[in-house]
Amino acid sequence: METGPIGKTLFAFTLPVLLCQLLQMLYNITDCFVVGHWVGNGGLAAAGIGGLILSVIVNFFIGFSSGVSIIISHHFGAYRYGKVSSAIGTVVSLGLLVGLLLTLGGCLEAERLLRWLNCPPDILKEATLYLSIGFLGLMPQLLFNIGDGILRALGNTRTALYLLTASTMVNLALDLLFVTVLDWGMAGAALATVLSQLILGCFILRKLTRLHPDYALTRRRLRLSLTDLNEIIRLSMPAGMQALFMSISSLVIQLSINAFGAAAAAGMVLFAKLEGFIYYPTFAYGIALTGFIGQNYGARRLDRIRDAVRFSLITAVLFTAPLSFLLTYFAEPLLAGFTSNQETLRHGVAAVLWVLPSYIFYSVNQVYLGALKGLGNAAWPMLCTLICYALFRVLWCQALFSYWWDMRVVYTSYSVSLVMMFAMLAIRWRQVFRAKAAPEAAPTPVGTAHPMLPHS
């Protein structure tokens, strides 16, 4: 990370992260496919509502793990292996404790959570069963995301990809066994997911115990250090809250979309199909950039940080501009492959035409978000997400719906919020980088390797 070609290193680091995100999506897709075909519409709705609650919590875990990655990468880049060891022991201990509390609380309050979301009474029993079992998989999911964040900070993105691939295959096999062969219904689908996640969590912990002896996880190192805990909370909580704000914003906006009817809601689902071609690669790139910048900041290679951000901004524009144009131009024939309902198709095409051209700002924003978090500034990305996504979009819709009852109000809320976030992030990045570069120490000479080559 500190000496290799910037572009090649970033792309090699990004690809496994992107594939990991797609595999994590397959967990819900697999459940929905099996439940929808063998349990029925009621079971599918129950799995969808239960999965929505779990996804909000898991998104927080994913954001939290990016904060963990920042801390570990700073220490690792500066060769402070004792600090790496202490931080790993603290964050895993924290994950075990928080995972246990969330599991117990979730299992006890599953029905209350579903009633709060106005779960239809006819599927409440099935949804409660699915959600209660699903909460048993929260601890291994939290541990996996923490372990993934640690390994990314050490420059290893492949292990998580291999483990997720195996876990996804296990999940599919168990789904088919429990639901179609043993006829366990909703309980079988939820249990299949939990068991595959448990395997995933155990193997990521095993990997952490097989790192370099100077910082590998051991029972002796499995303890809460107040110093490390303070640093983890300072950087990881804002990153987790950033992801949480995005999830909450989507839930609130969805309520407004639902008011326009099923066709409008289905149209936004179609929009998400095309949006994903830009969303997932650029989001994964931002995560990879955080680890890259974190290690180079630890090594005081501010020259590589500056060059990496410039390269990433150019790459983001060159990737997003032509792709968004092509997706917008061919939106109707592409979306027609998902539905034959003309009203749904009309809403989907309208969403693409109004929103997707502005996604060039989204991809650039991911560069700035990754860069700021890599420098240890996690609070500003959280604040930007809160203001631009969670508050602005909701207030924009509420203010304009009184005068203009149209789905284009929702579409423009997305586009304008992306431009707002771009302005806030670009200005803040210049301020932060200049402040970091002011007392710049002599950079590590190009070609200098670590004093030892740890196995990550």
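One can find the structure itself at the top, above this paragraph.
Bear in mind that the values here come from a model prediction, so they are computed numbers and not experimental data.

### Overview of the overall build of the protein
Here is step 1: Scanning the protein from terminus to terminus reveals 15 helices and zero strands.
Here is step 2: Looking at the protein residue by residue over its 456 residues, the buried ones come to 54%.
Here is step 3: Restricting the contact set of the protein to residue pairs at least 6 apart, pairs at least 24 apart contribute 85%.

### Some words on a nonpolar patch on the surface
Here is step 1: A cluster of nonpolar side chains, namely Phe325, Leu326, Tyr329, Phe330 and Leu334, defines an oily patch on the protein surface of about 540 Å² accessible area.
Here is step 2: Looking at the nonpolar patch, the element that brings in the most residues is helix α10 (residues 302-329), giving three residues.
Here is step 3: One can find leucine 326 in helix α10.

### Concerning the packing of aromatic side chains
How two aromatic rings sit relative to each other is set out by the distance from centre to centre and by the angle between their planes.
Here is step 1: Evaluation of the coordinates by the stated rule reveals 19 aromatic pairs.
Here is step 2: With 5.7 Å between their ring centres and 40 degrees between their planes, tyrosine 81 and tyrosine 215 make a pair best called tilted. Taken together, the positions of tyrosine 81 in helix α3 (residues 81-116) and tyrosine 215 in the loop between α7 (185-208) and α8 (226-258) put the pair 134 residues apart, joining distant regions of the chain.
Here is step 3: For tyrosine 81, a relative accessible area of 9% gives the class buried.
Here is step 4: Of the residues examined, tyrosine 215 reaches a relative accessible area of 0% and is grouped as buried.
Here is step 5: Among the aromatic residues, those joined into a ring-pair cluster are Phe271, Tyr279, Tyr280, Phe283, Tyr359 and Tyr362.
Here is step 6: The ring of tyrosine 389 has arginine 393 lying over it, and the distance from NZ or CZ to the ring centre is 4.1 Å.
Here is step 7: Against the face of tryptophan 380 rests arginine 428, its NZ or CZ located 5.5 Å from the ring centre.

### Quick notes on the packing of helix α12 (residues 342-355) against helix α15 (residues 407-437)
Here is step 1: Direction vectors running N to C along α12 and α15 enclose 35 degrees, while the axes themselves pass 9 Å from each other. Of the two elements, α12 crosses α15, and the hand of that crossing is right-handed. Across the interface between the two elements, His347, Ala350, Ala351, Trp354 and Val355 of α12 pack against Met407, Arg408, Tyr411, Thr412, Tyr414 and Ser415 of α15.
Here is step 2: Counted by class, the contact of α12 with α15 contains seven nonpolar, three polar and one charged residues.

### Description of helix α13 (residues 359-374)
For an α-helix, the turn length of 3.6 residues means that residues three or four places apart are oriented alike.
Here is step 1: With 16 residues, α13 ought to run about 22 Å at 1.5 Å a step, and its terminal C-alpha atoms sit 23 Å apart, in line with that.
Here is step 2: In terms of residue burial, α13 counts as a mostly covered element, since 14 of its 16 residues are buried.
Here is step 3: Backbone geometry just downstream of α13 places glycine 376 in the positive-phi region, at approximately 90 degrees.

### Section: the environment of threonine 159
Here is step 1: Assignment of secondary structure puts threonine 159 in helix α6 (residues 158-181).
Here is step 2: Residues threonine 159 and cysteine 20, spaced 139 residues apart in sequence, show a C-alpha to C-alpha distance of 10.0 Å.
Here is step 3: When residues no more than four places from it in sequence are discounted, the contact partners of threonine 159 are Leu151 and Lys207.
Here is step 4: In terms of polar contacts, threonine 159 uses its side chain to reach the side chain of asparagine 156, at 3.0 Å.

About the thresholds
Residues numbered from 1 in each chain as written. Predicted model: local features only at pLDDT ≥ 70, side-chain atom pairs only at ≥ 80, totals over all residues. Heavy atoms only, no water. Helix = DSSP H or I, 4+ residues; strand = E, 2+ residues; numbered from the N terminus. Buried < 20%, exposed > 50% of the residue type's maximum accessible area, 1.4 Å probe, protein only. Contact = heavy atoms within 4.5 Å. Patch = residues over 30% accessible without salt bridge, like charges linked within 9 Å, V, L, I, M, F, W, Y side chains within 5 Å. Areas by Shrake-Rupley, 256 points an atom, 1.4 Å probe, with all protein chains shown as cover. Salt bridge = Lys/Arg side-chain N within 4 Å of Asp/Glu carboxyl O. Phe/Tyr/Trp six-rings, centres within 6.5 Å; stacked < 30°, edge-to-face > 60°. Lys NZ or Arg CZ within 6 Å of the ring centre and 35° of its normal. Axes fitted to C-alpha atoms, helices over the stretch in contact; angles between N-to-C directions. Left-handed = near helix turned anticlockwise from the far one by under 90°. Nonpolar A, V, L, I, M, F, W, Y, C, P; charged D, E, K, R; others polar. Expected span 1.5 Å × (residues − 1). Polar contact = N/O pair within 3.5 Å; in protein donor to acceptor, adjacent residues only side chain to side chain.

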